[in-house]
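An overview of the molecular structure
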Amino acid sequence: PLGVAFEDVVFGYGGHLEGRSPAHRGVTFEVPAGGLTAIVGPSGAGKSTVFALLERFYEHDAGTVAVGGRDIRHWPLAELRSAIAYVEQDAPVLAGTLRENLLLAAPDAAEEEVRRAVSRTRLDGLVERLPGGLDAQVGHRGVTLSGGERQRIAIARALLRRPRLLLLDEVTSQLDAVNEEALREVVVELAAETTVLAIAHRLSTVVRADRIVVMEDGRVRAVGLHADLLRSD
Ligand code: ADP
Ligand code: ADP
């Protein structure tokens, strides 16, 4: 797994040239390799921008972003992006078989790996229930899946790329309590093997995190454990 370090990162999307403040106004935090880190804070705080900069969808204007102890400007882009997997909120399931959906970004994954990703994301029940199992048609014109199932498929898809850094963007926010709890268990288990950075909306996700980065207005307001943050407030 790879650690992450932001040091005094400044970044504006461009809108700041018309008077809006930049999305990052000196962001500093450090996350060691492995474990679950929750990033919390109000809408517009700069949470998603952390992910966009990590994947180098945009170049930061000042400061340093390091992944695995190495400045990301010195990582070959393809290598950086293959080390990172990103799961978006409300990730799509495409028309095709469940297997095709899982193998989308890792077509060469072995059957054994597919089975393992399925069991780690608690999709075994779904596979057993579907006529045709992994080869059942899902998505458009196929079997309709619940929000929780779609989200777990997206995580299994990400796992098959064997990420050394997994970025989760509010993956539980659309789910009911039962699905949310199941997904949270999955995420906590994954954090034993890879570094997980999760933008978290609900306090329940935050409670299970190894550390919390609290962002506000383009800055990091606090980093720490849940109990520490509550004490300082
Ligand atoms: P959060 O994830 O905490 O809600 P973001 O990182 O998405 O915050 O956004 C931080 C700031 O950058 C906000 O003011 C937002 O409007 C702006 N922003 C985000 N994405 C873009 C974009 N693609 N283009 C222009 N401005 C953006
Ligand atoms: P909901 O999930 O219904 O929005 P939460 O109680 O989970 O409500 O979170 C409310 C807000 O507080 C969210 O914006 C979240 O990012 C933020 N938040 C959660 N945990 C913390 C924390 N430890 N310190 C500061 N803000 C937090």
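All of the points below concern the structure found in this document. All of these numbers come straight from a predicted model, not from anything done at the bench. (Residues numbered from 1 in each chain as written. Chains lettered and ligands numbered in written order. Predicted model: local features only at pLDDT ≥ 70, side-chain atom pairs only at ≥ 80, totals over all residues. Heavy atoms only, no water.)

Together, Y13, F57 and Y58 line one region of the surface with nonpolar side chains, adding up to about 340 Å² of accessible area. Counting through the fold element by element, Y58 comes out in the loop between α1 (47-54) and β4 (62-67). (Patch = residues over 30% accessible without salt bridge, like charges linked within 9 Å, V, L, I, M, F, W, Y side chains within 5 Å. Areas by Shrake-Rupley, 256 points an atom, 1.4 Å probe, with all protein chains shown as cover. Salt bridge = Lys/Arg side-chain N within 4 Å of Asp/Glu carboxyl O. Helix = DSSP H or I, 4+ residues; strand = E, 2+ residues; numbered from the N terminus.)

If you trace the backbone, A158 turns up in helix α6 (residues 147-159). Put simply, A158 and A85 are 73 residues apart on the chain and 5.6 Å apart in space, counted from C-alpha to C-alpha.

In the vicinity of ligand 1, the residues found are Y13, R20, A23, P42, S43, G44, A45, G46, K47, S48, T49 and Y58. Within the backbone of A45, an N or O atom sits 3.1 Å from an oxygen atom of ligand 1. Within the side chain of T49, an N or O atom sits 2.5 Å from an oxygen atom of ligand 1. Alone, ligand 1 offers 560 Å² of accessible surface; in the complex the protein occludes 62% of this. Each residue belonging to the shell around ligand 1 can be placed in one class, and the counts come to five nonpolar, five polar and two charged. (Near = heavy atom within 4 Å. Polar contact = N/O pair within 3.5 Å; in protein donor to acceptor, adjacent residues only side chain to side chain. Nonpolar A, V, L, I, M, F, W, Y, C, P; charged D, E, K, R; others polar.)

What follows concerns the packing of aromatic side chains. Scanning the model with the defined rule gives five aromatic pairs in all. Here F11 and Y58 contribute two aromatic rings whose centre-to-centre distance is 5.5 Å and whose plane-to-plane angle is 45°, an arrangement assigned as tilted. With F11 in strand β1 (residues 4-11) and Y58 in the loop between α1 and β4, the pair connects residues that are 47 residues apart, well separated along the chain. Centre to centre, the rings of Y13 and Y58 are 5.0 Å apart; their planes meet at 85°, and the pair counts as edge-to-face. One end of the pair, Y13, is in the loop between β1 and β2 (24-31); the other, Y58, is in the loop between α1 and β4, and 45 residues separate them in sequence. (Phe/Tyr/Trp six-rings, centres within 6.5 Å; stacked < 30°, edge-to-face > 60°.)

Burial of α1 is extensive: seven of the eight residues sit out of reach of the surface. Within α1 the residues assigned to the buried category are K47, T49, V50, F51, A52, L53 and L54. After α1 finishes, the residue R56 shows a positive phi value of roughly 60°. (Buried < 20%, exposed > 50% of the residue type's maximum accessible area, 1.4 Å probe, protein only.)

The relative placement of two packed helices is expressed as an angle between their axes plus a distance between the axes. Closest axis-to-axis distance for the α6/helix α7 (residues 177-190) pair is 10 Å, and the angle between their directions is 15°. By the angle between their axes, α6 is roughly parallel relative to α7. In the packing of α6 onto α7, the handedness of the crossing is left-handed. Where α6 approaches α7, its residues G148, Q151, R152, I155 and L159 are matched on the opposing element by N179, L183 and L190. Tallied by class, residues from the contact of α6 with α7 come to four nonpolar, three polar and one charged. (Axes fitted to C-alpha atoms, helices over the stretch in contact; angles between N-to-C directions. Parallel < 35°, antiparallel > 145°, perpendicular 65-115°, else oblique. Left-handed = near helix turned anticlockwise from the far one by under 90°. Contact = heavy atoms within 4.5 Å.)

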